[in-house]
Amino acid sequence: MAVEFSEEAEATFQDLISRYPNNLAAMLPVLHLAQSEFGWISVEVMDYVANRLDVHPTKVLNAATFYTMYNKQPIGKCHIQVCTTLSCALMGGYEIIDYLEDTLGIRVGETTPDGRFTLSEVECLASCGTAPMFQASFCDGEIEYFENLDAERVDEVLKELNEKLEALPLPKDMH
Ligand code: FES
């Protein structure tokens, strides 16, 4: 994969860096842009971002690995991110992860062989009052929350998600 922004992404990049006092301050939005452009943040993408921002690659590595919203591996059509921070943990977040692992046949950090689902564990998603919950991020950029989960509700949600995923193409880096 050639790591270079498309014309459209390049225009967004130029706009972004013009709105921040220095390139370092623009790093997080530029990483978002890179993720939507390349699908995930590989070492090559980190190097590209460091080059384009003229910052040391370790600064990009630190930011990309600190924040869970930057994907360090190819992601399936639907990225299920289960919150296991306090409220969700107390309300059964880890049981939701166990159930998803059993049902999808993958472990946290993995993608189903058909490229449909990637499963991750994340920090608080600001929906603590409806714990336990997960966020589903789709390859078309849509994001949806599923809340007050239990095994029965997870089954329903996976059915809904599978129907929705029929209409979505595999992300370009999953072929
Ligand atoms: S603790 Fe899970 S959303 Fe806040």
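Fair warning: this is a prediction, and the values are worked out from it, not measured in the lab.

A. Focus on helix α1 (residues 7-18). Between its first and last C-alpha atoms α1 spans 17 Å; for 12 residues at 1.5 Å apiece the expected length is 16 Å, and the two agree. Taken residue by residue, α1 has A9, F13 and L16 as its buried positions. The buried side chains of α1 occupy one side of the element, clustering within an arc of 65° when seen end-on. Exposed residues lying more than 90 degrees from the buried face of α1 are E7, E8 and S18. Each element contacted by the buried residues of α1 is listed here: α2 (27-38) and α3 (43-53).

B. Inspection of the state of the cysteines at higher detail. Scanning all chains against the criterion turns up 0 disulfides. C78 carries a free sulfur, and the closest cysteine sulfur to it, the one in C139, is 8.7 Å from it.

C. Molecular detail of the sheet that holds strand β4 (residues 143-146). Across the sheet, which stays open at both edges, the 4 strands sit in the order β2-β1-β3-β4 with mixed pairing between neighbours. Of all the strands in the sheet, the pair left with one neighbour each is β2 (117-122) and β4. For this sheet the average axis-to-axis angle between neighbouring strands, irrespective of direction, equals 20°. Pairing geometry for strand β1 (residues 78-83) and strand β3 (residues 134-138), over 5 bridges, is antiparallel. Looking at the pairing, V82 lines up with F134 of β3. Seen against the sheet, helix α6 (residues 93-104) touches β1, β2 and β3 and runs at an angle of roughly 150° to β1. Its contacts with the sheet place helix α7 (residues 151-166) against β1, β2, β3 and β4, and it is angled at close to 5° to β3.

D. Spotlight on the pattern of salt bridges. Inspection of the entire model under this criterion finds 9 salt bridges. A salt bridge links D15 to R19; the nearest nitrogen and oxygen atoms lie 3.0 Å apart. R19 sits in the exposed class, given a relative accessible area of 56%. One salt-bridge network, held together by shared partners, links D114, R116 and E166.

E. Structural detail: the layout of surface pockets. Computed from the structure, the largest pocket encloses a volume of approximately 630 Å³. Along the walls of the largest pocket sit 23 residues, with Q35, S36, G39, F138 and C139 positioned nearest its centre. Elements represented by at least two residues in the lining of the largest pocket include exactly α2, β1 and β3. At 4 residues, the largest contribution of residues to the lining of the largest pocket is made by α2.

F. Representation of the packing of α1 against α3 in the model. Taken N-terminus to C-terminus, the directions of α1 and α3 make an angle of 50°; their axes are 12 Å apart at the nearest point. The pairing of α1 with α3 is recorded here as oblique in orientation. In terms of crossing hand, the pair formed by α1 and α3 is right-handed. Two secondary-structure elements touch here, α1 through E10, F13, Q14 and I17 and α3 through Y48, R52 and L53. Tallied by class, the residues present in the contact of α1 with α3 amount to 4 nonpolar, 1 polar and 2 charged.

Definitions and limits used
Residues numbered from 1 in each chain as written. Predicted model: local features only at pLDDT ≥ 70, side-chain atom pairs only at ≥ 80, totals over all residues. Heavy atoms only, no water. Helix = DSSP H or I, 4+ residues; strand = E, 2+ residues; numbered from the N terminus. Expected span 1.5 Å × (residues − 1). Buried < 20%, exposed > 50% of the residue type's maximum accessible area, 1.4 Å probe, protein only. Arc of directions from axis to C-beta. Contact = heavy atoms within 4.5 Å. Disulfide = S-S within 2.5 Å. Pairing = 2+ DSSP bridges. Axes fitted to C-alpha atoms, helices over the stretch in contact; angles between N-to-C directions. Salt bridge = Lys/Arg side-chain N within 4 Å of Asp/Glu carboxyl O. 1 Å grid on protein atoms, 1.4 Å probe; cavity = no way out; pocket = protein on both sides within 12 Å on 5 of 7 lines; lining within 4 Å. Points joined across faces, edges and corners; volume = space filled by probe spheres on them. Parallel < 35°, antiparallel > 145°, perpendicular 65-115°, else oblique. Left-handed = near helix turned anticlockwise from the far one by under 90°. Nonpolar A, V, L, I, M, F, W, Y, C, P; charged D, E, K, R; others polar.

Worth remembering: the numbers are spatial, not functional.
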